[in-house]
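# Survey of secondary and tertiary structure
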Amino acid sequence: MTTSPIERAADSFAAELARHRTGRGLSKKQLATLMGFDPSYVSHVEGRRHRPTEDFARRAEAVLEASGAIWQRFREYDELRHSRSGGAHRELPVPGQWLPPGTGLVVERETATLTHTDRAYHCAIRRELYNAGTEPVTRYLVRVAVDRYPNDPGRSNRHHRENPLTFAELQLAAYRNDGGTREPMHWRAKHDRDAFKEIWLLFENDEGRFPLYPGDRATIEYAYQVGRDKWGPWFQRAVRLPTRHLAVRLDLPADLEPKVWGLETSLSAEEGPLRTPIQRCDDGGRARYDWATDDPPLNARYRLQWRFRSEPPDTEPDGPDGRVRASDRMRALGIVQRDDDLLRQPARQLDLPREERVARDVVDRLSAILARLDELHPFSKGVGIAAPQLGLGWAVALVRPADRAAEPVVLINPRVVDTASDTDEQYEGCLSFFDHRGLVPRPLRVDVEHAQWDGSRVITSFEYAMARLVAHEIDHLEGRLYVDRMTPGVPLVPVEEYRETGNPWRY
């Protein structure tokens, strides 16, 4: 029996999806979790019982990194569907380009400039945005983080606690530039910490709203300043949205004899030198350092660092070899360490919905720490944090899968109600003693009952890597550490000897 061209195109899309999924060793449920869909939906698309949508195709392409193959199959299907319906076919991205998971927002070009002045560092960011999604964009999230002494976390943490970064000193200003019209943008604080700020830039002002609609382009610009007493000798860009071109400039005084170098990190590679060189140009007493890259991978981080050779160093080595212990970096963020009795105490259950405000505050604090952790370390296996690790005695934990684009799972008053009989052993780390890794047996599936904001309870099933992460965090809420789960006699491995940093768990 023959099928219509549109049915054959849908079949071709489903086959391409299945080929890349199995090639990555993912089950349908695992792929659905990474994409943020119900597991049955992936099964139905592959089984030809549901037709693909643009959002589904975008997310599949981004998660499976299919080099445009999945997106091409969707375009072929979508063009046939539009020609059948007689509808006008809207502008679509070209095959193979990065496509955003979720929002549909693409950064076509980012230019970031950091200028050293007599009293402050002035940061100016310009981003050319394209809404490739299906919904209007009404706000844009930006982050400001400072670390005065990056080689001495304890000293830096004390310094920012005593001299916190404030919104007033930032003097943040933001604009949308569209077709020659420059509109001021209002902004709203999302997170406010001593050394870290998250800010929503709003596509609105006193004159009205101006959302970025699907298919439209606009340029946003924002700038802020931070005193030299709070800004350390580094400038980092993190790729959180699909980006086609990223350019960074450092503008430093030449008479301070700056020496500049750079590092990059991605989900698939450990920290290493920048793959393209930094170019220096001297002009009128200024030393300008320019670096750029095309099509940076999603979740990559690029850090430019410097020192002024005409000034004495303002940091002291942490030990005889000058290295800072990983656990000290965690302690500097306020994460409770292994020797604290609080980690051995069961967390208190929240009374919901009566204590909803408390629960949301705890979740906000955990979310802020997760965001800061992403600036410091590539968590290629995923990452979780429990409230007791911040000194908060509530039964709340957040778990984010390896895909940084995925939203963290919020667990309130969780308890394990069932586990798979099959187990495996993998190395785990813990933010509360980050200097070591340990081989821990865990079930391959855990079913967890947990509370919603209104006090109702649901059961969620987690498999493989997420099962391990979730079980680890629930242990924290019950006063256990992963060393309690290790086979007697099996030693911990110092992080310097651990060989799987930067690699996901294998299943």
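Data block above holds the structure.
Below: a short report on this structure. For clarity, every value in this text was computed on a predicted model and none was experimentally measured. (Residues numbered from 1 in each chain as written. Predicted model: local features only at pLDDT ≥ 70, side-chain atom pairs only at ≥ 80, totals over all residues. Heavy atoms only, no water.)

### Focus: the overall build of the chain
A count of helices and strands for the chain gives ten helices and 26 strands. In the chain, which comprises 507 residues, the share counted as buried stands at 50%. Pairs at least 24 residues apart make up 70% of the contacts formed inside the chain by residues separated by at least 6 positions. (Helix = DSSP H or I, 4+ residues; strand = E, 2+ residues; numbered from the N terminus. Buried < 20%, exposed > 50% of the residue type's maximum accessible area, 1.4 Å probe, protein only. Contact = heavy atoms within 4.5 Å.)

### Section: the packing of aromatic side chains
Applying the stated criterion across every chain yields a total of twelve aromatic pairs. When the centroid spacing of 6.5 Å and the interplanar angle of 65° are considered together, the rings of Phe-203 and Phe-210 count as edge-to-face. Taking relative accessible area as the criterion, Phe-203 reaches 2% and is therefore assigned buried. On the basis of relative accessible area, Phe-210 is assigned to the buried category, the value being 14%. Through successive ring pairs, a cluster of aromatic residues spans Phe-13, Phe-56, Trp-71, Phe-74 and Tyr-77. Here Arg-182 stacks its cationic end above the ring of Tyr-175, 3.8 Å away from the centre of that ring. Seen from the ring of Phe-433, Arg-338 lies directly overhead, with NZ or CZ sitting 4.7 Å from the centre. (Phe/Tyr/Trp six-rings, centres within 6.5 Å; stacked < 30°, edge-to-face > 60°. Lys NZ or Arg CZ within 6 Å of the ring centre and 35° of its normal.)

### Some words on the sheet that holds strand E19 (residues 396-400)
One open sheet accounts for three strands, arranged E18-E19-E20; its pairing is antiparallel. Each having just a single partner strand, strand E18 (383-386) and strand E20 (409-412) make up the two edges of the open sheet. The mean inter-strand angle of the sheet, taken between neighbouring strand axes irrespective of direction, is 15°. With four bridges connecting them, E19 and E20 associate as antiparallel partners. Paired with Val-396 across the bridge in E20 is Ile-412. (Pairing = 2+ DSSP bridges. Axes fitted to C-alpha atoms, helices over the stretch in contact; angles between N-to-C directions.)

### Quick notes on the packing of helix H2 (residues 28-35) against helix H4 (residues 54-64)
At a minimum axis distance of 9 Å, the contact between H2 and H4 shows a crossing angle of 105°. What the angle tells us is that H2 and H4 run roughly perpendicular. Of the residues in H4, those in contact with Leu-31, Leu-34 and Met-35 of H2 are Phe-56, Arg-59, Ala-60, Val-63 and Leu-64. (Parallel < 35°, antiparallel > 145°, perpendicular 65-115°, else oblique.)

### Section: the environment of Leu-477
You can see Leu-477 is positioned in helix H10 (residues 464-477). Classification of Leu-477 by relative accessible area gives buried; the value is 7%. Spatially, the C-alpha atoms of Leu-477 and Pro-388 are 7.0 Å apart, while their sequence positions differ by 89 residues. Apart from the residues lying within four places of it in its own chain, the contact partners of Leu-477 are Pro-346, Ala-347, Ala-386, Ala-387, Pro-388, Trp-394, Ala-395, Val-396, Ala-397 and Pro-414.

### As for the nonpolar core
In this structure, Tyr-140, Leu-201 and Trp-306 are the most contacted members of the largest nonpolar core, which totals 50 residues. The dominant element in this core, judged by the number of residues it contributes, is strand E10 (residues 217-227), at five residues. If we skip the residues at most four places from it in the chain, Tyr-140 touches Leu-105, Val-107, Arg-127, Leu-129, Ile-199, Trp-200, Leu-201, Phe-203, Ile-220 and Leu-241. One finds Val-362, Ala-387, Val-396 and Leu-398 within the second-largest nonpolar core, a separate group that totals 25 residues. (Core = buried A, V, L, I, M, F, W, Y, C linked by side-chain atoms within 4.5 Å.)

### Focus on the packing of helix H1 (residues 5-23) against H4
At a closest axis distance of 11 Å, the pairing of H1 and H4 adopts a crossing angle of 25°. Compared by their axis directions, H1 and H4 come out roughly parallel. Along this stretch, H1 crosses H4, giving a crossing that reads as left-handed. Residues Phe-13, Leu-17, His-20 and Arg-21 of H1 touch H4, and the partners they reach there are Phe-56, Ala-57, Ala-60 and Leu-64. Across the contact of H1 with H4, the residue classes break down as six nonpolar, one polar and one charged. (Left-handed = near helix turned anticlockwise from the far one by under 90°. Nonpolar A, V, L, I, M, F, W, Y, C, P; charged D, E, K, R; others polar.)

### A word on H2
Since the α-helix packs 3.6 residues into each turn, any two residues three or four apart lie on the same face. Buried within H2 are the following residues: Gln-30, Leu-31, Ala-32, Leu-34 and Met-35. Backbone geometry just after H2 places Gly-36 at a positive phi near 80°.

As far as function goes, none of this settles anything; it's purely spatial.
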